[in-house]
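# Coordinates in review
Chain by chain, the residues run as shown.
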Amino acid sequence: MYICCIHRITSFHISYPRSMEGRGLRAGFTADAPPLLHMSEPLRRTAFNRLFAVVYFSAILALLYRHVQNLFLHPTTSFLSFSITLFLFISDLVLAFMWASAQAFRMSPIRRKEFPQNLKQIIKDEDFVGLDVFICTADPYKEPPMNVVNTALSLMAYDYPTEKISIYVSDDGGSVLTLFAFVEAAKFARYWLPFCRQHNIMERSPHVYFESNSHHPSIPQFEKIKMMYEDMKMKVEHVIDKGEVIEEYISDDQQHQGFNKWTKSFSRMDHPTVIQVILDKSKDTDISGQLMPNLIYVSREKSKTSPHHFKAGALNVLLRVSAVMTNAPIILTQDCDMYSNDPQTPLRILCYFSDPALKSNLAFIQFPQRFHGLNRDDIYASEYKRLFKINSMGFDGLKGPNYVGSGCFFRRRALLGGPSTPVPPEIPELGPDHVVRKPIISQEILSLAHRVAGCNYENQTGWGSQSGFRYGSLVEDFYTGYRLQCEGWKSLFCNPERAAFLGDVPITLFDVLSQCKRWCIGLFEVAFSKYNTLIFGSQSMGVLMSLAYSHYALWPIWCIPVTFYSFLPQLALLNQVGIFPKITEPWFFLYVFLFLGAYGQDFLDFVLDGGTVRKWWNAQRMWMIRGLSCYLFSSIEYLLKSVGISTHGFSLTSKVVDDEQSKRYGQGIFEFGVPSPLFVPLTVAAIINLFSFLLVLTQSFSGKNTEGLCLQMILTGSIVLNCLPVYGAIGLRNDAGKMPTQITIISTFVSVALYYASSLCL
C-alpha cells in the first residue's frame, strides 16, 4: 500500500519563500485533481526485521553472559586462557555494537517513486529552477581530462532548459591541460547537444554512446559526430602526452590569454586563481541556434602557507564563485568519473523540491552511486550495495540518507546555516536571495569571483565550520551530510530503476584498499570529533539516526573482531586447544544460530535487492580482506596521528586503466602486484588458516578425536575458502598481478614466528 505524497495545489498561486521568488519555483497551476509527483512505500520485510532483531538481540545477550561467566564467575587459573577469552569477549562486543547500530537501517526502510512526466503540468519550461553543477578534478594524469569532459558533456545535455544550467569545473591540480580539454569540449558540445535532443539519446556521455553503438547507420550524422569526437579526443590526448598545449591547437587571442596565465612560477600547490568562462549562456549557441549552458573553469588560488582543505575546500570555492556568477538555488555535486545516465534526472528531483510539504527543511536529494564496467561477480565488492542502496533506504525511512559525495542535489540555502538559523554571508552576493543581474563575463563579476576564490578569503569566517562543505575530515561528504542533519535538515533517497549516474570502479585490489583506507581515516576523524555521532548525534537527531551514522563513523573497528577471529582460533587449533563449545554442548547451537542468523539476514537483503549469490559471497570475502588490511591500517594510522607520531594526506585513486589489469579484472582474477604492507596481514592469515585446517583435517582422518574443535574447523575452513585468490596469487600465477615475492617471504616468516610463539604460550 503506497503512502502518497501529492503536490497539492488549490485554485490560488502557490506561496513559496521569498528566497525562491523569481527563480522558477512559482507554478500558478490550477487543478481540481493535482497530478501525482512522488510516492513512497515501506519495504515488506520491515515487520520481519523488527521481530528478528528482538530474537537475535536475546541471543547476543546470552553469548555475552557466557563470556562474563567464563571471565568473572568461573575464571580459569591460566592467564593465557583468560586472555583468549577476554580477546574473544572484546571481539563479540564490537560485533554486537556493529550489529545493533545496523538495525537502525532495518527499522523503517522505504522505497520512493517519482513521476517526472507530470511535472510539466505544474511548471512551465521557462519557470524551471536554475541548476549549478559542480565537477571536481585534481590530477590530469590520475583523472584523465577526457573522462572529466565526458562527464561534463553528459550533464550539459540534460533534458532541461540549457539556459538554466551552469557547469563549474574545479581543477585543483591547476593544469592547463584540463583547461585545454574543456575548450575543445565546448566546440564539440555545439554539435553534441542538438544531436542528443534530436534523436532522444539516453547515453549522453559521448564515450559511452559511441562505445555501445559502434555502428549506427540508421541515425543521420552519426559518423560525422563520431569523427568529431575522435578528433577532439586525439587532440586532448596528444596534448596530455606532450605535457603542454601545442601552439597549432590555439585558434584565437582569447584562448591565448587564458593559456598564458600558466607562467613559469605557476605550480600545482602555489598559483593564483584562474577563472575562465568557456561558454556563456547569454550569447553562445549551438548549431541549431539554441542557447548553451554556462561552462566555467575554476582553479582556486593555492599557497603553500595556506591550508586548502582538500575537496571540501574546492567545493566551497565553487559554492562562492557560483553564487557570484549565477547563484542557482539547486546545486549538483558530481565526481569527475560519474557521468549522467538519465537525461531526465533534474526533473525527478524537481518532483520533490517543488513540493511545499517537503521543501521547508529538505537539504539534499541523494542518488545511489552505481557503476559500469563491474566484472560479472564484482570480485572486489566495489558496488557497495549495502552502503549505497540498501542502508540508504533505511536512512530514508528515518531523516534521510547520508551524503556520499556524488550524484547529490543540494538546496543552496541548506549550505548556509540551519533551516531556522541561517548564517549571514560576509557579502550580500553570497546570500541565497541574491539575484545576478550582470553578465558573468563583466569585469565586476569576474573580479568578485576571483576575490572569493582566494586562499585567504575564508580567514576569520565560518566557511567550513558553520556554512558550506565542512572541514575536519577526509570524508567531507559524510561529515557535511551529518552536520546538516544535526542542524535540522532532512534529505531524500532517489533510486530510479534506470541509474541516474554511472561511474568507474578501481580494478586493482591495492586501489580498492587504498581508497577504503582513506575513507576509514576520515570516518574516525568524525567519530572522535566534538561532533561525535554517538553523543552529539543522539542529542541532535535521535537515537536511531545516531546509531546509523555511528555504524559508518566506527566502520574501521571491524578490524578488531576480524583480526582476532582470523588468528586466535587458528593458532589454538594448531596446538590442539579448543576455545569454543563442543558439539554436544547447548552453547554450540547458540554460536550456530548467531552465525547463520547474521549471514542469513544479510544474504536475504542482498538477494532481494537484485544481487547474486556469487556477488554476495565476494562481498563477504572483501569484508574479511578489508578487516585485515585497510580497516586495520587506518586504525593504526589514526592512532599514531592522534599521539603525534605520524600524519596522513589525501591521495587520489587512479582512474587510468591498464590493458592487462583490465583484462585480468574482466576475467575475475584478483590483482595484487604492488608490494604493499596492506597485503601482509591478509597473507599471514591465509597461511596460518590453511595449515591449521589441513593439520586438524589430517588428524581427524587418522582417527584422532577432534570433537571439541568443530567450530574452529568451520571458522577456519570458511576463511580458507575466502583466501583462495591469495593462494592462487602466491603459488599458481606468473602474471604481473601475482602476489609480490617479498610479501610472500615476509608473511611466511611472520606466520612461522606466530606459530612458535603460540606453541610456547599454549
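Remember, it's a predicted structure, so these values are computed and weren't measured experimentally. (Residues numbered from 1 in each chain as written. Predicted model: local features only at pLDDT ≥ 70, side-chain atom pairs only at ≥ 80, totals over all residues. Heavy atoms only, no water.)

This next bit is on the UniProt feature "binding site: Mn(2+)" (unreviewed entry) in the protein chain. The feature "binding site: Mn(2+)" (unreviewed entry), as given by UniProt, occupies Lys311 and Asp335 in the numbering adopted here. Spatially, the listed residues are clustered: although they cover 25 residues, their C-alpha atoms lie within 10.5 Å of one another. Beyond its immediate stretch of four places on either side in the chain, Lys311 contacts Cys136, Asp335, Gly405 and Glu476. Residue placement: Asp335 occurs in strand β8 (residues 330-335). The class of Asp335 is buried, set by a relative accessible area of 18%. In this structure, Asp335 is in contact with Thr151, Lys311, Gln369, Gly405 and Ser406, ignoring residues within four places of it in sequence. At 2.7 Å, the side chain of Asp335 and the side chain of Lys311 are in polar contact. (UniProt positions renumbered as here; feature names shortened; annotations may be inferred. Contact = heavy atoms within 4.5 Å. Helix = DSSP H or I, 4+ residues; strand = E, 2+ residues; numbered from the N terminus. Buried < 20%, exposed > 50% of the residue type's maximum accessible area, 1.4 Å probe, protein only. Polar contact = N/O pair within 3.5 Å; in protein donor to acceptor, adjacent residues only side chain to side chain.)

So, about the nonpolar core. Among the nonpolar cores identified, the biggest contains 153 residues, and Ile167, Trp192 and Phe409 are the most heavily contacted of them. Ranked by residues supplied to this core, first place goes to helix α4 (residues 176-199) with 15 residues. Not counting the four nearest positions on each side in its chain, Ile167 is found in contact with Val133, Ile135, Ala152, Leu155, Met156, Asn294, Leu295 and Ile296. Core analysis: the next-biggest nonpolar cluster, separate from the first, contains 40 residues, Phe410, Val452, Ala453 and Tyr457 among them. (Core = buried A, V, L, I, M, F, W, Y, C linked by side-chain atoms within 4.5 Å.)

Turning our eyes to something else, we now look at the environment of Val245. Structurally, Val245 is set in the loop between α6 (222-242) and α7 (253-259). Residue classification places Val245 among the buried positions, given a relative accessible area of 18%. Sequence-wise, Val245 and Ile349 are 104 residues apart; in three dimensions their C-alpha atoms are separated by 39 Å. When neighbours within four sequence positions are excluded, Val245 is seen to be in contact with Val176, Phe180, Val239, Ile250 and Phe259.

Before going further, it helps to examine the side chain of Gln276. Of note, Gln276 is situated in strand β6 (residues 274-279). Looking at Gln276, the relative accessible area reads 12%, which means it is buried. Those residues in contact with Gln276 that sit more than four places away from it in its chain are Leu179, Gln254, Gly258, Lys261, Leu295, Ile296 and Tyr297.

The next subject is the sheet that holds strand β7 (residues 294-299). Taking strand neighbours across the sheet as the criterion, the eight strands line up as β6-β7-β5-β4-β8-β11-β10-β12 in an open arrangement whose pairing is mixed. One side of each edge strand has no neighbouring strand; the edge strands of this open sheet are β6 and β12 (490-493). Taking each pair of neighbouring strands and ignoring which way they run, the sheet shows an average axis angle of 20°. Across four bridges, the pairing between β8 and strand β11 (residues 408-411) is antiparallel. Bridge pairing in β11 places Thr333 opposite Cys408. Against the sheet, helix α8 (residues 310-325) makes contact with β4 (131-137), β5 (165-171), β6, β7 and β8, and its axis sits at roughly 150° relative to β4, the strand it touches most. (Pairing = 2+ DSSP bridges. Axes fitted to C-alpha atoms, helices over the stretch in contact; angles between N-to-C directions.)

With that settled, the discussion passes to the pattern of salt bridges. For side chains of opposite charge, pairing can occur when their charged atoms come near one another. Under the counting rule described, the total for this entry stands at 30 salt bridges. In this structure, the salt-bridge partner of Asp172 is Arg300, at a minimum N-O distance of 2.7 Å. A residue pair is termed long-range when its members are at least 10 positions apart, and Asp172 in the loop between β5 and α4 and Arg300 in the loop between β7 and α8 qualify at 128 residues. Looking at Asp172, the relative accessible area reads 10%, which means it is buried. Across the pair Lys235 and Glu184 runs a salt bridge, and its minimum N-O distance is 3.8 Å. Residue Lys235 is located in helix α6, and its partner Glu184 is located in helix α4; the two are separated by 51 residues in the primary sequence. What makes Glu184 buried here is its relative accessible area of 4%. One network of salt bridges, in which partners are shared, links Arg45, Arg106, Arg386, Asp602 and Asp605. (Salt bridge = Lys/Arg side-chain N within 4 Å of Asp/Glu carboxyl O.)

In the numbering used here, UniProt assigns the "binding site: UDP-alpha-D-glucose" (unreviewed entry) feature to Lys142, Glu143 and Asp172. For the annotated residues, spread through 31 residues, the largest C-alpha to C-alpha distance comes to 12.5 Å, consistent with a single compact locus. For Glu143, the side chain forms a polar contact with the side chain of Thr137, separated by 2.9 Å. Leaving out residues up to four positions away in the same chain, Asp172 has contacts with Thr137, Ala138, Arg268, Arg300, Lys302, Phe310 and Ala314.

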